[in-house]
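# Structure assessment
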Amino acid sequence: MNAQPRRVLIGALALSLALPLAACGSEPPKAPSDNRSIGLLLPDRAARYDDFDRRIMASKIASRCLECKIEYRNAQGGVETQRRQFEEMVRDGVRVVVLDAVDARAAGPWVDAAAKRGVKVVAYDRLAEGAVAAYVSYDNEKIGKLQAEGLVTSLGARAATARVVMLDGSPSDPNAGAFKKGAHAVLDRKVDRIVYEKDIPGWSVPLARKKITEAVNAFGPTGFDAVYAANDGMAGAAADVLEAAGAHHIPLGGQDAELAALQRLVKGVQTFTVYKEVRPEAQTAGEIAVNLLQGKSIGSLTPATVDSKSHSHIPAKLFSARLVTRKNMADTVIRDGAVRTDLICTKDLAADCAALGLD
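These notes cover the structure that comes with them.

Rules used in this analysis
- Residues numbered from 1 in each chain as written.
- Predicted model: local features only at pLDDT ≥ 70, side-chain atom pairs only at ≥ 80, totals over all residues.
- Heavy atoms only, no water.
- Pairing = 2+ DSSP bridges.
- Helix = DSSP H or I, 4+ residues; strand = E, 2+ residues; numbered from the N terminus.
- Buried < 20%, exposed > 50% of the residue type's maximum accessible area, 1.4 Å probe, protein only.
- Polar contact = N/O pair within 3.5 Å; in protein donor to acceptor, adjacent residues only side chain to side chain.
- Contact = heavy atoms within 4.5 Å.
- Right-handed = clockwise from strand over helix to strand, strands pointing away.

As a further point, take the pairing of strand β13 (residues 314–319). Of the strand pairs in this sheet, strand β6 (residues 134–138) and β13 are connected by four bridges, and their pairing is parallel. Within β13, the position partnered with Ser137 by the bridge is Leu318. Sheet topology places strand β12 (residues 304–306) next to β13; three bridges connect them, and they run antiparallel. Paired with Thr305 across the two strands is Pro315, which belongs to β13.

Positive phi, close to 50°, is recorded for Gln76, a residue that is not glycine. For Gln76, the position within the fold is in the loop between β3 (69–74) and α2 (79–91). Of note in this structure, His313 is not a glycine but carries a positive phi near 55°. The residue His313 is located in the loop between β12 and β13 in this model.

Within the fold, Ser170 resides in the loop between β7 (163–168) and α5 (174–190). What makes Ser170 buried here is its relative accessible area of 2%. Among the polar contacts listed, one links the side chain of Ser170 to the backbone nitrogen of Gly202, at a separation of 2.9 Å. Every residue in contact with Ser170, bar those within four places of it in the chain, is listed here: Ala176, Ile200, Pro201, Gly202 and Trp203.

Residue alternation in strand β4 (residues 96–99) divides its side chains into two sets, Val96 and Val98 and Val97 and Leu99, and both sets are buried. Sheet analysis places strand β2 (residues 37–42) next to β4, joined by four bridges and oriented parallel. Bridging across to β4, Leu41 finds its partner in Leu99. Note on the crossover from β4 through helix α3 (residues 108–116) to strand β5 (residues 120–124): the handedness is right-handed.

On their own, these measurements won't tell you what the molecule is for.
See below:
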């Protein structure tokens, strides 16, 4: 993350942290806002959301619209919580909502109801169903291909005869389906076969641990040659199980460039992760939200289109991601300021970090 967001006067940015209504009808609806409010609904308490997405987007919005207000809520992983938060914002007169849906399919009826009231919804990071006005994310099918290519490269000459285990993402997340499609486009051509594959509802780490354990028990620690994990949380579960089974040497890939994953890269127990720079994604979503609020065109910000299961030709901006290995870590996540070297290189990793030139 190279560019620093423009400094703005804190007083110019109102971040509402009000809790959602306890239940519909428990108090009268609030008066509509002055049409200068932008809602931001994030799905859970992952560190990136408050530390990066929220702050970067807020700064971009403030730099474009000092009089704008941001109404922020976090669903903490609850679909019903997010529905209440979304509907409260619409009742309160918020005219544009940036939505990172907990469950993309469940959000469809809320988005459609809001659209009928003239509320514009920007689907952020994952494509919600319903009449969204725009979508900002990464090219998720390409990310799946990137992950699979990382595995194939790691396997080298063994790829053509390799047996692969796949831990795919949550069926309720359309991104997971795109990752899987992209990964299969490569693996189905480049490796011998997929010997075990499971979707992991809710991206559940405990469930991923259970499933990779099933694979080890079914095929033995030498019965497969690589593991595709759709994200770093599941890759961490796989790394633990593989290490306990004595198979920690096999290629293992993840996604998200989480700190724990970067440390596993340093230790050599995870082969790669995927780095999706938050700054351009959050800044673009903020710009689109302001343009929609002000009735301006978003054409220059959305050069692509995407289709959901319910709508087609949705204006979109799709960014490209990068594969991160222990060898290029310094030139990717560290150079961009996504993570500090001292956080990766804890005392127990000092020797490994020194060998990689990260000390």
